[in-house]
Amino acid sequence: MTVETPTPESTPTRRSPLAAWQDSLARLPAGLRVTELPFLTQLTLRAQPGGPAAKAVEGVLGITLPGPVSAHLSGDADVEALWMGPDEWLLVAPDGSRHDLLTRLRSAVGEEFATVTDVSAQRTTLALSGRLVRTVLAHGCAVDLDPRVTPVGSCLNTLLAQAPVTLVVRDAAATDVRLLVRSSFASYLAAWLVDACTEYGAGGGCG
């Protein structure tokens with residue numbers, strides 16, 4: 001029996017949701033840097049807060065699962081945990097860690113009443129930084145990003161230009177923010193960001 005070895009031509013090439021927007025995003029004004037972080041490992045954890053399954057997951061990750069509208073940012077850990085609902089968290093880890101993380105978490109949960117689901121393909125992530133972050137986002141988001149209202153570690157499910165996003169504040173001045181957006185909305189959101197920056201000197205459309 002002959003076994004065919006896959007050739008480079010037959011190996012699927014991953015393409016990020018915003019691959020066509022890289023040049024346009026790179027031309028945004030100096031006060032706003034937008035970078036796509038594609039292909040991050042994203043796992044949805046459903047478990048009873050403080051229950052055996054949640055405690056087992058915390059033991060594996062070496063973190064405490066965050067409470068309402070907050071996130072456990074990476075720090076010394078490889079995995080970030082975002083609060084998504086009363087018994088739901090999104091675990092975000094580097095690309096390539098999906099299989100190992102799924103295996104370890106499912107093993108830790110065992111027969112406890114909980115689920116760990118791979119949702120990596122659902123969303124892409126935009127990293128926004130710079131002095132214009134709050135100003136630009138205010139054009140399309142009702143969330144008050146004043147640090148006194150949304151301090152570092154805030155995690156909110158909200159709308160940006162009517163697109164559902166998960167917004168995570170990563171620094172004390174809200175000049176470092178991440179937006180997790182469903183892949184189907186990613187191009188729309190990129191177009192909105194480019195347009196919202198026009199008055200600050202940005203230009204150019206897709207491609």
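Everything here concerns the structure above.
Since we're looking at a predicted model, the values are computed, not measured.

Draft legend 1. Fine view of the pairing of strand β1 (residues 33-37). Here β1 shows a clear split, with Val-34 and Glu-36 buried on one side and none of Arg-33, Thr-35 and Leu-37 buried on the other. With 5 bridges connecting them, β1 and strand β7 (residues 123-129) associate as antiparallel partners. Each residue of the ladder has a partner; that of Glu-36, found in β7, is Leu-126.

Draft legend 2. Region of the structure containing unusual backbone geometry. In this structure, Val-69 takes a positive phi of about 45° despite not being glycine. Checked against the element boundaries, Val-69 lands in the loop between α2 (52-61) and β3 (71-72). Taking the relative accessible area as the measure of exposure, Val-69 reaches 45% and is therefore partly exposed.

Draft legend 3. Representation of the sheet that holds strand β8 (residues 155-160) within the structure. Read across the open sheet, the 5 strands follow the order β1-β7-β10-β9-β8; overall the sheet is antiparallel. One side of each edge strand has no neighbouring strand; the edge strands of this open sheet are β1 and β8. Neighbour-to-neighbour, the strand axes of this sheet turn through a mean angle of 30°, independent of strand direction. Packed onto the sheet, helix α5 (residues 183-196) meets β1, β7, β8, β9 (163-169) and β10 (176-182) and runs at close to 135° relative to β10.

Draft legend 4. Here's a closer look at the pattern of salt bridges. This model, assessed by the stated rule, comprises 7 salt bridges. Close ionic contact of Arg-14 with Asp-95 constitutes a salt bridge, the shortest N to O distance being 2.7 Å. Here Arg-14, found in the segment before α1 (22-26), pairs with Asp-95, found in the loop between β5 (88-93) and α3 (98-109); they are 81 residues apart in sequence, far enough to count as distant. On the accessibility criterion, Asp-95 (41% relative accessible area) is partly exposed. Among the salt bridges present, the one from Arg-98 reaches Asp-118, with a minimum N-O distance of 3.1 Å. Highlighted residues: Arg-98 in helix α3 and Asp-118 in strand β6 (residues 114-118), separated in sequence by 20 residues.

Draft legend 5. Representation of the side chain of Gln-42. In this structure, Gln-42 sits in strand β2 (residues 41-47). Relative accessible area serves as the criterion here: at 1%, Gln-42 is assigned to the buried category. A distance of 3.4 Å separates a polar side-chain atom of Gln-42 from the backbone oxygen of Arg-123. Apart from residues no more than four positions distant in its own chain, Gln-42 is found in contact with Leu-90, Leu-91, Val-92, Thr-117, Asp-118, Val-119, Ser-120, Arg-123, Thr-125 and Leu-180.

Draft legend 6. Seen up close, the sheet that holds strand β4 (residues 80-85). Across the sheet, which stays open at both edges, the 5 strands sit in the order β3-β4-β5-β2-β6 with antiparallel pairing between neighbours. Every interior strand has two partners, whereas the edge strands, β3 and β6, have only one. As judged from the 6 bridges shared by β2 and β5, these two strands associate in the antiparallel manner. From the neighbouring strand, Leu-45 faces β5, where its bridge partner is Trp-89. Docked against the sheet, α3 engages β2, β5 and β6, running at close to 170° with respect to β6.

Draft legend 7. Expanded view of the nonpolar core. Counting 34 residues, the largest nonpolar core has Leu-32, Leu-128, Leu-137, Leu-167 and Leu-179 as the members making the most contacts within it. For this core, the secondary-structure elements that each account for two or more residues are β7, α4 (133-137), β8, β9, β10 and α5. Residue contributions to this core peak at 7 residues, all from α5. Ignoring sequence-local partners within four residues, the contact set of Leu-32 consists of Leu-128, Ser-129, Leu-132, Val-133, Val-136 and Cys-197. The next biggest cluster of nonpolar side chains, apart from the first, holds 20 residues, and it includes Leu-45, Trp-89, Leu-91 and Leu-102.

Draft legend 8. Geometry of the environment of Val-79. Along the chain, the position of Val-79 falls in the loop between β3 and β4. The sequence separation of Val-79 and Leu-61 amounts to 18 residues, and the corresponding C-alpha distance is 7.0 Å. For Val-79, the residues in contact, after removing those within four places along its chain, are Leu-61, Ile-63, His-72, Ser-74, Leu-91, Val-92, Ala-93 and Leu-101.

What counts, and at which threshold
- Residues numbered from 1 in each chain as written.
- Predicted model: local features only at pLDDT ≥ 70, side-chain atom pairs only at ≥ 80, totals over all residues.
- Heavy atoms only, no water.
- Buried < 20%, exposed > 50% of the residue type's maximum accessible area, 1.4 Å probe, protein only.
- Helix = DSSP H or I, 4+ residues; strand = E, 2+ residues; numbered from the N terminus.
- Pairing = 2+ DSSP bridges.
- Axes fitted to C-alpha atoms, helices over the stretch in contact; angles between N-to-C directions.
- Contact = heavy atoms within 4.5 Å.
- Salt bridge = Lys/Arg side-chain N within 4 Å of Asp/Glu carboxyl O.
- Polar contact = N/O pair within 3.5 Å; in protein donor to acceptor, adjacent residues only side chain to side chain.
- Core = buried A, V, L, I, M, F, W, Y, C linked by side-chain atoms within 4.5 Å.

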